[in-house]
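Understanding the architecture of this molecule
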Amino acid sequence: SAVISQKPSRDICQRGTSLTIQCQVDSQVTMMFWYRQQPGQSLTLIATANQGSEATYESGFVIDKFPISRPNLTFSTLTVSNMSPEDSSIYLCSVEEGGAFFGQGTRLTVV
Amino acid sequence: EDKVVQSPLSLVVHEGDTVTLNCSYEVTNFRSLLWYKQEKKAPTFLFMLTSSGIEKKSGRLSSILDKKELFSILNITATQTGDSAIYLCAVERNDMRFGAGTRLTVKP
């Protein structure tokens, strides 16, 4: 199973600012996934990040709001841009190797 | 439209009770069904099911998949307060689709 390090684990941010979340995997993986879990809701896929190509976004999520980088096969970042209180959520990165393995999650609070 | 539906959405039981959590799905390109336990932020893996009728077991937890009727159940016997969590069902296609989860509360 993959070991995933995600940081920061939590942050409190002012509205209008941006936060970049990092995800480091201990092995090379083709695809990495970014999820959001808003309070009281289940995990929702934001986008799939492939190395060497643009991320694929799910309906309701756009690159301008959630730019993603995937510079190599072990690392990805998700930026939450121009934040509003509605972006307060847990953000999780994930890889799939016979099941989904998750980073520790980032709890974001926008004030 | 693909969907993963879990029931009940919440459940309150007492220690020692047995619970059954349900997950039904309608997805294209089904590869596997997975169960997770989520206590804090990140879900932890419980089971992966790919074949119908084969029960997977881990201690007091067990799960089975019915690919004909498109559902799975997760059983927890002799529940303990430490079992209190959200239990997530996910279906693996080319990506993962999660159900809304069942919030289980086990009271002493």
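Structure's up top.
Residues numbered from 1 in each chain as written. Chains lettered and ligands numbered in written order. Predicted model: local features only at pLDDT ≥ 70, side-chain atom pairs only at ≥ 80, totals over all residues. Heavy atoms only, no water.

Side note on the overall build of chain A
Spelled out, the test is: Going along the chain from the N terminus, every DSSP run of H or I of four or more residues is numbered as a helix, and every run of E of two or more is numbered as a strand. To sort residues, take the accessible area from a 1.4 Å probe on protein chains only and compare it with the maximum for the residue type: under 20% means buried, over 50% means exposed, and anything in between is partly exposed. Note on definitions: a residue-residue contact is assigned when non-hydrogen atoms from the two residues lie within 4.5 Å. The Shrake-Rupley method, run with a 1.4 Å probe sphere, supplies the accessible areas, and residue values consider only the shown protein chains as cover. Positive charges come from Lys and Arg alone, negative charges from Asp and Glu alone, with His and the N- and C-terminal ends not counted. A single reference atom marks each charge: NZ on Lys, CZ on Arg, CG on Asp, CD on Glu.
Scanning chain A for helices and strands turns up zero helices and eleven strands. Taken from the N to the C terminus, the helices and strands of chain A come in the order β-β-β-β-β-β-β-β-β-β-β. Taking the principal axes of the C-alpha coordinates as reference, chain A spans close to 35 × 25 × 20 Å. Per-residue burial for chain A yields a buried fraction of 53% across its 111 residues. Of the contacts formed within chain A by residues at least 6 apart in sequence, a portion of 52% connects residues at least 24 apart. Per element, the accessible surface of chain A, about 5100 Å² overall, is 48% carbon and sulfur. With 7 positive and 9 negative side-chain charges, chain A shows a separation of 9 Å between the mean positions of the two kinds.

Overview of the sheet that holds strand β8 (residues 75-80) of chain A
In a beta sheet, neighbouring strands pair by backbone hydrogen bonds and run either parallel or antiparallel. Residue and element names in this part refer to chain A. Short version of the rule: For two strands to be treated as a pair, DSSP must find no fewer than two bridges joining them. For helices, the fitted axis covers only the stretch in contact; all axes are lines through C-alpha atoms, and the angles between them, taken along N-to-C directions, range from 0 to 180 degrees.
Spatial strand order, β1-β3-β8-β7: four strands in an open sheet with antiparallel pairing. Every interior strand has two partners, whereas the edge strands, β1 (4-7) and β7 (68-72), have only one. The sheet shows a mean angle of 15 degrees between the axes of neighbouring strands, taken without regard to direction. Where β1 and strand β3 (residues 19-25) come together, four bridges link them in antiparallel fashion. Within β3, the residue paired with S5 across the bridge is Q24.

Topic: the state of the cysteines
Residues and elements named next belong to chain B. Here is the rule we go by: Throughout, a disulfide means two cysteine sulfur atoms within 2.5 Å of one another.
As enumerated under the stated definition, the model contains two disulfides over all chains in all. Through a disulfide, C23 is tied to C89; the S-S separation comes to 1.9 Å. The sign of the S-S torsion, about -60 degrees, decides the handedness of the disulfide formed by C23 and C89: left-handed. Highlighted residues: C23 in strand β3 (residues 19-26) and C89 in strand β9 (residues 85-92), separated in sequence by 66 residues.

A few points about the interface of chain B and chain A
Put simply, the test is: Reported buried area values correspond to the accessible surface (1.4 Å probe) lost by two parts on association, with both partners' losses combined. Salt-bridge detection follows one rule: a side-chain nitrogen of Lys or Arg within 4 Å of a carboxyl oxygen of Asp or Glu.
Taken residue by residue, the interface counts 16 residues in chain B and 21 residues in chain A. Where chain B abuts chain A, roughly 1400 Å² becomes buried across the two surfaces, and 56% of that area is made up of carbon and sulfur atoms. The three residues of chain B that bury the most area against chain A are K41, M96 and F98 of chain B, which together make up 39% of that side's buried surface. For the pair chain B and chain A, the number of links is one salt bridge. Between R97 of chain B and E58 of chain A there is a salt bridge; the shortest N-O distance is 2.7 Å.

As for the packing of aromatic side chains
Residue and element names in this part refer to chain B. What counts here: Note on ring pairs: Phe, Tyr and Trp rings are taken, using the six-membered ring of Trp, and paired if centres are within 6.5 Å. Classes follow the plane angle, with under 30 degrees stacked, over 60 edge-to-face and the rest tilted.
Counting across every chain of the model gives ten aromatic pairs over all chains. Here Y36 and F45 contribute two aromatic rings whose centre-to-centre distance is 6.0 Å and whose plane-to-plane angle is 75 degrees, an arrangement assigned as edge-to-face. Relative accessible area serves as the criterion here: at 0%, Y36 is assigned to the buried category. Note on F45: relative accessible area 36%, which makes it partly exposed.

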